Amino acid sequence: MSDSTIAVTVKLFAAYQEVCGVSDLKLELPTGTRVEAVRDRLIAAHPQLAQWQEVTRFGVNLQFVPPETVLQSGDEVVLIPPVSGG
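Throughout, a residue's number is its position along its own chain's written sequence, starting from 1. Totals for whole chains, interfaces and linings use every residue, but because this is a predicted model, local features are given only for residues with pLDDT of at least 70 and side-chain atom pairs only at 80 or more, for both listing and counting. The side-chain figures draw on all heavy atoms in the structure; neither hydrogens nor water molecules are used.

(A) The overall build of the protein chain, seen in detail. Secondary structure elements are taken from DSSP: a helix is a run of H or I of four residues or more, a strand is a run of E of two residues or more, and numbering for both begins at the N terminus. In terms of regular secondary structure, the protein chain is built from two helices and five strands. For the protein chain, the α and β elements follow one another from N to C terminus as β-α-β-α-β-β-β. Taking 86 residues into account, the globule formula puts the C-alpha radius of gyration at 12 Å, and the protein chain, at 12 Å, falls close to it. For the protein chain, the spread of C-alpha atoms along the three principal axes comes to 45 × 25 × 20 Å. Of all 86 residues assigned to the protein chain, the portion counted as buried reaches 35%. Whether two residues touch is decided by their heavy atoms; if any such pair falls within 4.5 Å, the residues are in contact. Excluding contacts between residues fewer than 6 apart, the proportion of contacts in the protein chain whose partners are at least 24 apart in sequence is 55%. Think of it this way: Lys and Arg go in the positive column, Asp and Glu in the negative one, and His and the chain ends go nowhere. The location of each charge is read from NZ of Lys, CZ of Arg, CG of Asp or CD of Glu. Averaging the coordinates of the 6 positive side-chain charges in the protein chain and doing the same for the 10 negative ones gives two points 2 Å apart. Throughout, the radius of gyration refers to the C-alpha atoms, and the reference size of a globule is 2.2 Å times the residue count to the power 0.38. Partly exposed residues are those whose accessible area sits between 20% and 50% of the maximum for their type, while under 20% is buried and over 50% is exposed, using a 1.4 Å probe and protein chains only.

Quick look at the structure:
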């Protein structure tokens, strides 16, 4: 990892976990990456996730955050699509 990149852990739930087939990912991203870019990267790799693009909530280090939050190296990112259940 260079000074121009950061490393984050992404925890996946519900549809994201189902489609990606894993519960977490380790990503290396450019410095200055916003949390919404993680979602967009997964959608680019798995277009079937596009239906969740506008309704996904974001968490960073156990706090809900807005999509424009800039990530830092070592952050734990959570993508949370709407879930239903009973």
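(B) Quick peek at the packing of aromatic side chains. Aromatic pairing here means that ring centres of Phe, Tyr or Trp (its six-membered ring) are within 6.5 Å. Orientation follows from the plane angle: under 30 degrees is stacked, over 60 is edge-to-face, and everything else is tilted. One pass over the full model with this rule turns up zero aromatic pairs. In this scheme, the term charge over a ring applies when either NZ of a lysine or CZ of an arginine sits within 6 Å of the ring centre and within 35 degrees of the ring normal. Above the plane of the ring of Phe-64 lies Arg-57, whose end atom (NZ or CZ) is 3.9 Å from the centre.

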